[in-house]
Amino acid sequence: MTRSVLFVCLGNICRSPTAEAVFRSLAEGRGLHIDSAGTSGWHDGGRSDPRASAEAQRRGYDMSPIRSRKVTAADFDTFDLIIAMDFENLRDLQSIQPAGSNARVELFLPFAPELNRDEVPDPYYEDNFSAVFDMIEAASRALLTTI
Ligand code: 4NP
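Keep in mind the model is a prediction, meaning the values are calculated, not measured. (Residues numbered from 1 in each chain as written. Predicted model: local features only at pLDDT ≥ 70, side-chain atom pairs only at ≥ 80, totals over all residues. Heavy atoms only, no water.)

1. Points about the sheet that holds strand E2 (residues 33-38)
Then, number 1: Taken together, the 4 strands give an open sheet; going across it, the order is E2-E1-E3-E4, and neighbouring strands pair in parallel fashion. The open sheet has two free edges, formed respectively by E2 and strand E4 (104-107), since each of these has just one partner strand. The mean angle between the axes of side-by-side strands here comes to 25°, regardless of whether they run parallel or antiparallel.
Then, number 2: Sheet contacts for helix H4 (residues 87-96): strand E1 (4-9), strand E3 (81-84) and E4; angle to E4, the most-contacted strand, approximately 165°. (Pairing = 2+ DSSP bridges. Helix = DSSP H or I, 4+ residues; strand = E, 2+ residues; numbered from the N terminus. Axes fitted to C-alpha atoms, helices over the stretch in contact; angles between N-to-C directions. Contact = heavy atoms within 4.5 Å.)

2. Overview of the side chain of Thr18
Then, number 1: Of note, Thr18 is situated in helix H1 (residues 15-26).
Then, number 2: If near-sequence neighbours (up to four positions away) are discounted, Thr18 is found in contact with Ala52, Met63, Phe133 and Ile136.

3. Points about the site of the ligand
Then, number 1: Around the ligand, a shell composed of Cys9, Leu10, Gly11, Asn12, Ile13, Cys14, Arg15, Trp42, His43, Asp122, Tyr124 and Tyr125 is seen.
Then, number 2: The separation between an oxygen atom of the ligand and a polar side-chain atom of Arg15 is 2.8 Å.
Then, number 3: Asp122 is positioned with one of its side-chain polar atoms (N or O) 2.9 Å from an oxygen atom of the ligand.
Then, number 4: Burial of the ligand by the protein chains amounts to 93% of its free accessible area of 360 Å².
Then, number 5: Of the residues that constitute the shell around the ligand, the class distribution is 7 nonpolar, 3 polar and 2 charged. (Near = heavy atom within 4 Å. Polar contact = N/O pair within 3.5 Å; in protein donor to acceptor, adjacent residues only side chain to side chain. Areas by Shrake-Rupley, 256 points an atom, 1.4 Å probe, with all protein chains shown as cover. Nonpolar A, V, L, I, M, F, W, Y, C, P; charged D, E, K, R; others polar.)

Below, the structure is given as structure tokens:
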């Protein structure tokens, strides 16, 4: 049974905090523990990218309470399901997963096969926040049906 979900990207200021905000809103009332983190730690303690927060606000989600943090070994105990935004995140997570950890580590977009893509592109560089948000909303809805 899945009680807790951690979304992970590189910086934890664009894709994974967006997924956290969207999934938290969709899963309201389910009692799930939902969080996000980054593999890099480059933006530790920082707010989400203002371009992501603005797109979230346009769509009715609030990213303002979210602060960036680096994923830790303890996350593999705390969370049942850890969701990677791209293959690099997946590889990085698999490389730090402690032996004996039962957390499932999976890519996000394959939950929504109709998207026909495996990776959430990085909007930090591509500046395609609206398209990325569409993918994250679709995959979040699909993920929720599996939980
Ligand atoms: P994210 O995007 O992994 O979706 O949060 C990035 C944010 C910041 C950087 C790279 C990607 N950066 O190089 O600082």
